[in-house]
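Fold and geometry: a report
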Amino acid sequence: MWQARTIIHNGIAMPFHEARIHPLALGVAFGVAVFEGIRAYRHPATGAFSVFRLEEHLARLAQGMKVMRLADPPATDVLRAAVLEVIRLNAPDDDAYLRVQVQVEAMGTMATTGPVGWIAAALPRERSAKFATGLSACVSSWTRIADNAMPPRIKASANYHAGRLATLQAKADGYDSAILLTQRGKVSEAAAACLFLVRDGVLVTPDRTSDILESVTRATVLTLAAELGIPCEEREVDRTELYVADEVFLCGTGQELVAVTQVDRLPVGDGAPGPLTRRLQAAYEAVVRGLTEAHPEWRTPVPMG
Ligand SMILES: Cc1ncc(COP(=O)(O)O)c(C=O)c1O
């Protein structure tokens, strides 16, 4: 597999392992950073790379920088150019996982908002083996962070603490993954992925006020499902709906679409990835990789020359 060799830090391309910030910078000390995980896909026939929904990721990053009140944040045009450039500089021979991150690089107090720095990185990341088989999940005793404490709507680095604790607990207890409930006891999402379930042929996902990250993949799945004629509902979801659902799956840029075949040791449906999950996985794969002509606006071509 290819290796990450170059990172762009504050506009300067440098060897991947040489990027530095001070350990007491607020980006490290308090996790005052916001980021995006994005994927670039390689077309199997042409070898051409395209970045999936780059504009939506950059828009969410801009919202995050605003909510965090970062001073003089980098412009979207600068970040877009850096993302495309870092792919070219790393010359991947397969799909790449891209990280764009903006962090406060100064030391200071709680009220320090800058100067900020930023990186664009390209990393190899294989598709999860669970993509084919599905995974087991538990409903965690850790709860999802709430909008009036640590807004989950933005992709801030510090937001990942609860999801990490839930994941560590899930793995210690023999599950692959954790599903977190909101403070009100409704289903929110997994540690780094949104959640869908299927009930009586209807695709259901927790709504945008269920303390979810407003996921790019979730929005993609809702669009693809509507185009396939699958009825969709965005609404509050009860925990026990997970137990009686016909299908459950997680979605996110990193995990893509992966079936949940067991929740709290109860089989989901017949315990195997279900037909709607399979259909949506195939539709997702086609659109991210450009195997279909549909939605060209979602794929930004990467100039590799
Ligand atoms: C907490 C959390 N929820 C959901 C998602 C899925 O979001 P997206 O589809 O935009 O990648 C992520 C993505 O990594 C995430 O970190």
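Here goes a summary of the coordinates provided. (Residues numbered from 1 in each chain as written. Predicted model: local features only at pLDDT ≥ 70, side-chain atom pairs only at ≥ 80, totals over all residues. Heavy atoms only, no water.)

Notes on the site of the ligand
Convention followed: Distances are taken per atom, and a residue is near a molecule or strand as soon as one of its heavy atoms is within 4 Å of it. Residues adjacent in sequence count toward polar contacts only when both atoms are side-chain atoms; beyond that, a polar contact is any pair of N or O atoms within 3.5 Å, and within protein one must be able to donate a hydrogen and the other to accept it. To measure how exposed things are, a 1.4 Å probe is used in the Shrake-Rupley method; for residues, cover is taken only from the protein chains shown. In this classification, the charged set is Asp, Glu, Lys and Arg, the nonpolar set is Ala, Val, Leu, Ile, Met, Phe, Trp, Tyr, Cys and Pro, and all remaining amino acids, among them Gly, are polar.
Taken together, 15 residues form the shell around the ligand, and within it Arg60, Tyr160, Ser215, Thr217 and Thr253 come nearest. Within the side chain of glutamate 189, a nitrogen or oxygen atom sits 2.9 Å from a nitrogen atom of the ligand. In the environment of the ligand, an oxygen atom lies 2.6 Å from a nitrogen or oxygen atom belonging to the side chain of serine 215. Burial of the ligand by the protein amounts to 96% of the accessible area it has alone, namely 390 Å². Looking at the shell around the ligand residue by residue, the class counts come to seven nonpolar, four polar and four charged.

Some details on the state of the cysteines
Going by this rule: Cysteine sulfurs are considered disulfide-paired once they come within 2.5 Å of each other.
Evaluation of the coordinates by the stated rule reveals zero disulfides. Between cysteine 138, a cysteine without a disulfide, and cysteine 194, which holds the nearest cysteine sulfur, the sulfur-to-sulfur distance is 17 Å. In this structure cysteine 232 is not part of a disulfide, and its nearest cysteine sulfur, from cysteine 251, lies 12 Å away.

Let's talk about the pairing of strand 9 (residues 187-190)
Put simply, the rule reads: Two strands are counted as paired when DSSP detects at least two bridges linking them. Numbering goes from the N terminus for both helices and strands, where a helix is a DSSP run of H or I of at least four residues and a strand is a run of E of at least two.
Note that strand 8 (residues 177-181) and strand 9 share three bridges and pair antiparallel. By the bridge assignment for strand 9, isoleucine 179 is matched with alanine 190. Where strand 8 hands over to strand 9, the hairpin turn is made up of five residues, of which glycine 185 adopts a positive phi near 85 degrees.

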